[in-house]
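# Tertiary structure, described
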Number of protein chains: 2
Amino acid sequence: MAKSKSAPTMKDVARESGVALGTVSKVINGIPVGESYRLKVEEAIKKLNYRVNNYAKGLKSNHTNTIAVIVPNLINPFFGKLVHYINVSLSEAGYQMLVCSTDYNPVTEQNVVIMAEQKKVDGIICLSYNPRLQVSDDIPFVSIDRYFGENIPCVTSDNFGGGTMAANRLIANGCRHLAFMRIGSPLSNETNKRSDGFVSACQAADVEYSLKILNDGDSYELFRDFLKEHFKNGKLDFDGIFCVTDSLEHSIEGMLTEMGLKVPRDVQLIGFDGTRRFGDMELCCSTIVQQVDKLASTCVEMVLKEDRDNLPTLVCLPVQYAYGRTTIDKT
Amino acid sequence: MAKSKSAPTMKDVARESGVALGTVSKVINGIPVGESYRLKVEEAIKKLNYRVNNYAKGLKSNHTNTIAVIVPNLINPFFGKLVHYINVSLSEAGYQMLVCSTDYNPVTEQNVVIMAEQKKVDGIICLSYNPRLQVSDDIPFVSIDRYFGENIPCVTSDNFGGGTMAANRLIANGCRHLAFMRIGSPLSNETNKRSDGFVSACQAADVEYSLKILNDGDSYELFRDFLKEHFKNGKLDFDGIFCVTDSLEHSIEGMLTEMGLKVPRDVQLIGFDGTRRFGDMELCCSTIVQQVDKLASTCVEMVLKEDRDNLPTLVCLPVQYAYGRTTIDKT
């Protein structure tokens, strides 16, 4: 994660002074420490122009009881469900939720971070693929699905495990030539591990596989071209396809149907997310289900944690496979 | 709308004193008015125990630049989309959005209103069917889809027109025995007008129709029973059904398919909302489309309006019909 140059953090002071973070905190909060430590810390504070006053107003003394939540939008069903459950968890903890549905606007996202730096919110839970988002370490900040760096806790599903699960399910269902299809941010992020898990399971089972990876902004027509390249004499090369999201599964299923193929008879499909029609009805497809309520409560627990030095940097929550019409499951 | 007894409003003072609202406002804000008016207003303030101080801190002097949005949840795609566009509009106006996704919990809803009374937010945009929700007139409050009373502006779609449109479309498509099916709050609300519009168009065209109206909490099995009662010798009495939401259309279509009927060949279906699969893909069914972005921006405009005495009490925005596979449209 890029560091905001204008706002040195307590950790920077610790690094600069060569003094432990806990000791720096004591000095800043006026708790007595050994004289030599105090002098080192004060020197580092001066050198870095660390804003003691801003910190002194600090988190504990100036609670807003509000957490900001950054998501690209609330139209995608996964994001809507996630924000809903974050709201439920925050509410149980006595916190309000400020939602910033950014439409991928980096300026809007950065403004939320500035608000947090000005202590107008107590912390941020953020699902963003904006590579230039700058966050200073002082802010309680939890990232979803994207690993920002060693100082920022990230909460995600076990994407690798989910990829393995999808491949193994297709193989157990009798598929012998698999494909993985993905469209998403080119930025390295946790969801990329879905393909890693898929590949690993295919290799372990010695099953043939192909990958078709597109970046956000690429035309879906490239998927159609890919399918057509692998379609000869009314037969598709693949008998099982794992799609990176349920939404992509929906698009791919439409293309296969247009090509005259029947799902799941001719080709079995598995998506990822566990999206239900109209939010709470049947599953849209056979899928790897994310525990959205658990993801949400974990983010809330971590953003509200007082002791931020001992937070894990990555938490992966278990996923599970669920049948939803697009596979032929044996048991 | 029930009035909160503990918080008399400036309008109550006007009523009690028999003095115009503008004059009451002047007295409260220390602007000179005729002596006799001033005495009357001051007497009413005392009698009602009107909290002058709280008002004096008032809206203009104590902006939070935050609007609270109350919705039942963010899992229903209509609610998610609505809140997304409210966020976009608020953001353009320089406002933040506090979301309260209540899960139909009346205590949570009432707490948001209390926050607004304490000037912790500048206003509320509220989609709630809670009959006991109490709001004092002082708070900028805009209701969606439910008419609270003469002092509270309500923004909704032209539900009556949408109902008419659905019936007329089915009739134009050759249907001769229509049905309307609905499940929802028994509380009188704007969406009930969908059936009024439907009935009115059927009567105008002299077309036979049936209604099946259920209340929230009723089992969907009652819809199945209704359909079976009207199913004889492999034929359904109805050739066109208007469903109160796209979500209900989805359930009804599933029941009809299970009964061996083909949509739209045997029976044409129209929903309401304009829901798209995965938020932005194809329409889920032929439907009456609500302009969610327009609903959102209208709510925002109205909640931020300075002159609250001249707000309309009801704004109905136009809807339009869109084809989505479940009808056989001629032209």
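Provided above is the structure to which this section pertains.
This report concerns the structure included in the present document.

What counts as what
Residues numbered from 1 in each chain as written. Chains lettered and ligands numbered in written order. Predicted model: local features only at pLDDT ≥ 70, side-chain atom pairs only at ≥ 80, totals over all residues. Heavy atoms only, no water. Helix = DSSP H or I, 4+ residues; strand = E, 2+ residues; numbered from the N terminus. Expected span 1.5 Å × (residues − 1). Buried < 20%, exposed > 50% of the residue type's maximum accessible area, 1.4 Å probe, protein only. Contact = heavy atoms within 4.5 Å. Pairing = 2+ DSSP bridges. Axes fitted to C-alpha atoms, helices over the stretch in contact; angles between N-to-C directions. Right-handed = clockwise from strand over helix to strand, strands pointing away.

### Quick look at helix 10 (residues 246-258) of chain B
All names here are of chain B. Under the 1.5 Å per step criterion, the end-to-end length of helix 10 is 18 Å for 13 residues, consistent within 8% with the ideal 18 Å. Counting buried positions over the 13 residues of helix 10 gives 10, a clear majority of the element. Asp246, Ser247, Leu248, Glu249, His250, Ser251, Ile252, Glu253, Met255 and Leu256 are the residues of helix 10 that are buried. Residues of helix 10 that are buried make contact with strand 6 (177-184), helix 9 (221-229), strand 9 (235-236), strand 10 (240-243), strand 11 (268-273) and strand 12 (287-289). Looking at the residues trailing helix 10, positive phi occurs at Gly260, about 90 degrees.

### Considerations on the sheet that holds strand 7 (residues 208-215) of chain B
All names here are of chain B. One open sheet holds the 6 strands; their spatial order is 7-6-10-11-12-14, and the pairing between them is mixed. The open sheet has two edge strands with one neighbour each: strand 7 and strand 14 (320-322). Averaged over all neighbouring strand pairs, the angle between strand axes comes to 20 degrees, with direction disregarded. Direction of pairing for strand 6 relative to strand 10: parallel, over a ladder of 4 bridges. Bridge assignment links Ala179 to a residue of strand 10, and that residue is Ile241. This element, helix 8 (residues 193-205), spans strand 6, strand 7, strand 10 and strand 11 of the sheet and lies at about 170 degrees to strand 7. Together, strand 6, strand 7 and strand 10 form the strand contacts of helix 9, whose direction differs from that of strand 7 by roughly 160 degrees.

### Topic: the pairing of strand 11 (residues 268-273) of chain A
Residues and elements named next belong to chain A. Among the 6 residues that make up strand 11, 6 are buried, leaving the element largely enclosed by the rest of the structure. Burial along strand 11 is two-sided: Gln268, Ile270 and Phe272 and Leu269, Gly271 and Asp273, pointing in opposite directions, are all buried. Pairing of strand 10 (residues 240-243) with strand 11 involves 3 bridges; the strand directions are parallel. Across the sheet, Gly240 pairs through a bridge with Gln268, a residue of strand 11. In the classification by handedness, the crossover that spans strand 10, the intervening helix 10 (residues 246-258) and the parallel strand 11 is right-handed. Of the strand pairs in this sheet, strand 11 and strand 12 (residues 287-289) are connected by 3 bridges, and their pairing is parallel. When the bridges of strand 12 are listed, Phe272 appears paired with Ile288.

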